[in-house]
Amino acid sequence: MNIRKATFYCVAGLILVGPVVAFVVGRQLAAAGTPTETCDLEFSNGATLYRVPVAKTAAQEARGLMHKTDVGPGMLFTWEKPEPRVFWMRNTPAPLTIGFFDTEGVLFSVEDMEPNSETNHFSFQPAVDALELAQGEYQRLGLSVGSALVRRKCR
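Residues numbered from 1 in each chain as written. Predicted model: local features only at pLDDT ≥ 70, side-chain atom pairs only at ≥ 80, totals over all residues. Heavy atoms only, no water.

## A closer look at the pattern of salt bridges
Counting across every chain of the model gives eight salt bridges. Notably, a salt bridge pairs Glu 83 with Arg 85, separated by 3.9 Å at the nearest N-O pair. Given the relative accessible area of 31%, Glu 83 is considered partly exposed. Here Glu 118 and Arg 90 are joined by a salt bridge, their closest N and O atoms 3.3 Å apart. With Glu 118 in the loop between β6 (107-113) and β7 (121-122) and Arg 90 in the loop between β4 (86-87) and β5 (96-101), this pair connects stretches of sequence that are 28 residues apart. What emerges from the salt-bridge pattern is a single network uniting Lys 81, Glu 83 and Arg 85. (Salt bridge = Lys/Arg side-chain N within 4 Å of Asp/Glu carboxyl O. Buried < 20%, exposed > 50% of the residue type's maximum accessible area, 1.4 Å probe, protein only. Helix = DSSP H or I, 4+ residues; strand = E, 2+ residues; numbered from the N terminus.)

Now the structure itself:
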């Protein structure tokens with residue numbers, strides 16, 4: 001086989017295989033950013049949220065509720081170490097409200113966030129949990145500053 005034919009077959013193979021590899025890698029990255037754990041959350045006022053997806057990895061946190069118009073039961077972000085947190089709404093078309101919780105499960109901050117905005121929303125004090133819900137859900141559930149997350153059952 002001459003060098004031209006070998007080059008042609010090599011380039012043709014790359015053209016055919018390249019999109020397949022890109023597709024597989026893209027699906028793996030998307031899956032890595034999709035939470036696999038959900039929790040039922042019970043609050044001090046008796047309100048309960050069921051099957052809330054939990055973002056536990058950096059990829060899941062980065063993706064959050066991006067690109068979703070229906071945020072369903074919202075998303076819980078949880079960390080082992082309490083630290084000040086910051087959230088924004090890049091590529092997130094649904095209006096959300098974020099609540100930050102301390103190590104005792106007490107909700108200490110609730111803030112509405114505008115869709116598709118890069119405005120930073122700071123916890124201003126250490127948080128171990130943050131819960132994003134559709135705007136209006138905190139009020140509907142009767143949750144406000146001082147309410148507490150008293151129980152979570154995760155699967």
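## Considering the sheet that holds β6
On the basis of which strands lie adjacent, the open sheet formed by seven strands has the order β6-β5-β8-β3-β2-β1-β9 and mixed pairing. What marks the edges here is a single partner per strand, and that holds for β6 and β9 (149-154). Strand after strand, the sheet turns through a mean of 30 degrees between neighbouring axes, direction not considered. Summarising the sheet, strand β1 (residues 37-43) and strand β2 (residues 48-55) pair through five bridges and their orientation is antiparallel. Counted as the bridge partner of Cys 39 is Val 52 from β2. (Pairing = 2+ DSSP bridges. Axes fitted to C-alpha atoms, helices over the stretch in contact; angles between N-to-C directions.)

## Examining the packing of aromatic side chains
Here the structure, examined in full by the defined rule, presents six aromatic pairs. Three or more aromatic residues link up through ring pairs in this structure, and these residues are Phe 77, Trp 79, Phe 87, Phe 100 and Phe 108. (Phe/Tyr/Trp six-rings, centres within 6.5 Å; stacked < 30°, edge-to-face > 60°.)

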